[in-house]
Amino acid sequence: MPPESNGSRPTASRDYLGSADPTERERRAESFGASAAAYAAFRPSYPEAAVRWALEPVAGDDVVRVLDLAAGTGKLTEVIRGLGMEAVAVEPDAAMLTELSRRLPDVPAFTGTAEEIPAPDGAFDAVVVGQAFHWFDRDRALAEIARVLRPGGVLAALWNLHDDGVAWVAGLNAAAQALGSVRETRESPMRQELFEHVAFADQASAEFGFHERRTSEQVVGMLGTHSRILVMDEVDRTQVLARVRGYLRARPETSTGEFDVPLVTIALRAVRV
Ligand SMILES: C[S@@+](CC[C@H](N)C(=O)[O-])C[C@H]1O[C@@H](n2cnc3c(N)ncnc32)[C@H](O)[C@@H]1O
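Residues numbered from 1 in each chain as written. Predicted model: local features only at pLDDT ≥ 70, side-chain atom pairs only at ≥ 80, totals over all residues. Heavy atoms only, no water.

Asker: I'd love a proper account of the overall build of the protein chain, names of residues and values included.
Answerer: Summing up its helical and strand segments, the protein chain has 12 helices and 9 strands in all. Scaling as 2.2 N^0.38, a compact globule of 273 residues should have a C-alpha radius of gyration of about 19 Å, and the protein chain matches this with 18 Å. C-alpha extents for the protein chain along the principal axes are approximately 55 × 40 × 30 Å. Within the protein chain, the fraction of its 273 residues that count as buried is 56%. Across the protein chain, every contact between residues at least 6 apart in sequence was considered, and the portion connecting residues at least 24 apart equals 74%. On the protein chain, roughly 11300 Å² of surface is accessible, and the fraction owed to carbon and sulfur atoms is 50%. In the protein chain, 29 side chains carry a positive charge and 40 a negative one; their mean positions are 3 Å apart. (Helix = DSSP H or I, 4+ residues; strand = E, 2+ residues; numbered from the N terminus. Rg over C-alpha atoms; globule rule 2.2 N^0.38 Å. Buried < 20%, exposed > 50% of the residue type's maximum accessible area, 1.4 Å probe, protein only. Contact = heavy atoms within 4.5 Å. Areas by Shrake-Rupley, 256 points an atom, 1.4 Å probe, with all protein chains shown as cover. Lys, Arg positive; Asp, Glu negative; His and termini not counted. Charge placed at Lys NZ, Arg CZ, Asp CG, Glu CD.)

Asker: Any chance you could break down the UniProt feature "domain: Methyltransferase type" (unreviewed entry) in the protein chain for me, citing the residues and the numbers?
Answerer: Following the UniProt record, the feature "domain: Methyltransferase type" (unreviewed entry) maps to residues 67-156 here. Taken end to end, residues 67-156 is 32% helix and 30% strand, and its two terminal C-alpha atoms sit 10 Å from one another. (UniProt positions renumbered as here; feature names shortened; annotations may be inferred.)

Asker: Lay out the nonpolar core with the relevant residues and their values.
Answerer: With 36 residues, the main nonpolar core has Leu69, Phe133, Phe136 and Leu155 as its most contacted residues. Contributing elements (two or more residues each) for this core: α3 (36-42), β3 (65-69), β4 (86-91), β6 (124-130), α7 (138-148), β7 (149-162) and β9 (259-272). By residue number, the principal contributor to this core is α7, which donates 5 residues. In this structure, Phe133 is in contact with Arg138, Leu142, Ile145, Leu155, Ala157, Trp159, Leu194 and Phe195, ignoring residues within four places of it in sequence. Within the second largest apolar cluster, 23 residues are counted, among which are Val64, Leu76, Ala126 and Val154. (Core = buried A, V, L, I, M, F, W, Y, C linked by side-chain atoms within 4.5 Å.)

Asker: So what about the pairing of β9? Which residues, and what values?
Answerer: With 12 of 14 residues buried, β9 is to be regarded as a mostly interior element. In the sheet, β7 pairs with β9 via 9 bridges, with the strands oriented antiparallel. Across the sheet, Ala157 pairs through a bridge with Leu268, a residue of β9. Bridge count between strand β8 (residues 200-214) and β9: 13 bridges; the pairing is antiparallel. Each bridged residue has a counterpart across the sheet, and for Phe210 the counterpart in β9 is Leu263. (Pairing = 2+ DSSP bridges.)

Asker: Summarise the site of the ligand; cite the residues concerned and give the values.
Answerer: In the vicinity of the ligand there are 20 residues, among which Tyr39, Tyr46, Ala70, Glu91 and Gly130 approach most closely. The contact in question runs from an oxygen atom of the ligand to an N or O atom on the side chain of Glu91, over 2.6 Å. A distance of 2.9 Å is found between a nitrogen atom of the ligand and a backbone nitrogen or oxygen belonging to Ala114. When the ligand sits alone it has 590 Å² of accessible area, and the protein chains cover 96% of it. Along the lines of polarity and charge, the residues of the shell around the ligand split into 12 nonpolar, 4 polar and 4 charged. (Near = heavy atom within 4 Å. Polar contact = N/O pair within 3.5 Å; in protein donor to acceptor, adjacent residues only side chain to side chain. Nonpolar A, V, L, I, M, F, W, Y, C, P; charged D, E, K, R; others polar.)

Asker: An account of the sheet that holds β4 is requested, with residue identities and associated values reported.
Answerer: The strand order β5-β4-β3-β6-β7-β9-β8 describes an open sheet built from 7 strands, whose pairing is mixed. Strand pairing shows two members of the sheet lacking a second neighbour, β5 (109-111) and β8, which therefore form its edges. The sheet shows a mean angle of 20° between the axes of neighbouring strands, taken without regard to direction. Contacts from helix α8 (residues 167-176) reach β7 and β9 within the one sheet, and its direction differs from that of β9 by about 80°. (Axes fitted to C-alpha atoms, helices over the stretch in contact; angles between N-to-C directions.)

Asker: Describe the packing of aromatic side chains, listing the residues and the values that go with them.
Answerer: Following the criterion strictly, the structure yields 6 aromatic pairs and no others. Ring centres of Phe133 and Phe136 lie 5.3 Å apart, and the angle between their planes is 55°; this geometry places the pair in the tilted category. The residues Phe133 and Phe136 share a single accessibility class, namely buried. Between Phe133 and Phe195, the ring centres sit 5.3 Å apart and the planes meet at 70°, which makes this aromatic pair edge-to-face. Taken as a pair, Phe133 in the loop between β6 and α7 and Phe195 in the loop between α9 (182-187) and β8 lie far apart in primary sequence, 62 residues in all. (Phe/Tyr/Trp six-rings, centres within 6.5 Å; stacked < 30°, edge-to-face > 60°.)

Asker: I'd love a proper account of the confidence of the model for the protein chain, names of residues and values included.
Answerer: Mean pLDDT over the protein chain: 91, with 91% of residues reaching 70 or higher. This model gives residues 1-18 a pLDDT under 50, and the stretch forms 71 contacts once residues within four places in sequence are excluded. (pLDDT = per-residue confidence, 0-100.)

Asker: Give a description of unusual backbone geometry that names residues and reports values.
Answerer: In this structure, Ala70 is a non-glycine residue whose phi angle is positive, near 65°. Within the element layout of this structure, Ala70 appears in the loop between β3 and α5 (75-82). Note on Ala70: relative accessible area 18%, which makes it buried. Backbone geometry at Gln131 places phi at a positive 60°, although glycine is not the residue there. The residue Gln131 is located in the loop between β6 and α7 in this model. Assessed through its relative accessible area of 10%, Gln131 is described here as buried.

In C-alpha cells:
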C-alpha cells in the first residue's frame, strides 16, 4: 500500500500506519506478541478468493511451496493449507509463533524476519505476507524475498481493512482512530510502487469484499490487537476502548448480538523474474 520516504524505512505507510516516526514504528512492529491469543481469537481471516488470486501465477504446479512471511498466529497460513498447498511460516515474535504452532502444529515454523529469512535460495514458489509488508525495510526485504523465491515464483501482500465506505464503520474508525482507511489505501499512489524492484515484474492488484460475524465485544477485542492501541499506556488504551464500546452500543447496527463486519482485502502480487 502505501509507502513514504522515511530514512532507512523508505516504504513505511503513512496512511495505513498513521505515523512516520521510526521509534514508534519499531515499537508498533514489535507490539503484537503482547496480545497473541487475542490476535488469534479476534482478527479476521483472509477470503479464499483473495489467496487464490494471489497465488494464481503458480497455481498450476503439482506442489506449491509457500512461505508465509510475518506469519503471526497463522491466519494466512491456515488459508494456504486449506487450498492444499505446502506452507512454511516465518515470524520474529516468539509469542505469535507459539500461538501459530499451537493452532497449526504440523506447519514448519521458524523464527526470522523479512530482512533475514532463514531459508535457502530458491526454496519457495510463493512468498505471502499478510498485514505486515508495511513493517518491513522494503529494499532489504525485497532482495531477501527475491533470494528465497524460484524464478517465476510469486510475491503477494494482503491487507484486511474495515470497509469505511459503510457509515457505521466510518464512525467506528473515527471513534478508534486506529484503523486503516480503504479509500486512502486505494488512492495511495505509493501502492503501485510497493514491489518496484529489479527482481520483480508484472505487479497487479485486486480487492475482495467479505464479511465476518462479530459481537461488539469481539470488535473491541479485535481493536485491542491493533498496534497503535497496543503501544498506548493503560489509561489511554482503556479510554479509547471505552469510547469504541460506547459507540458500538449506541449504533443500531451493532448494539445487540452478532452483526456482519464489512471488510475488504487488498492484495498485491508480483512475479520473480
Ligand atoms: C499485523 S501482524 C500480521 C500477522 C499475520 N500475517 C496475519 O495476517 O494475521 C504483523 C506481524 O508482522 C511481524 N513483523 C513485524 N516486523 C517484521 C519483520 N521485519 N519481518 C517479519 N515479520 C515482522 C510481527 O511480529 C507480526 O506478527
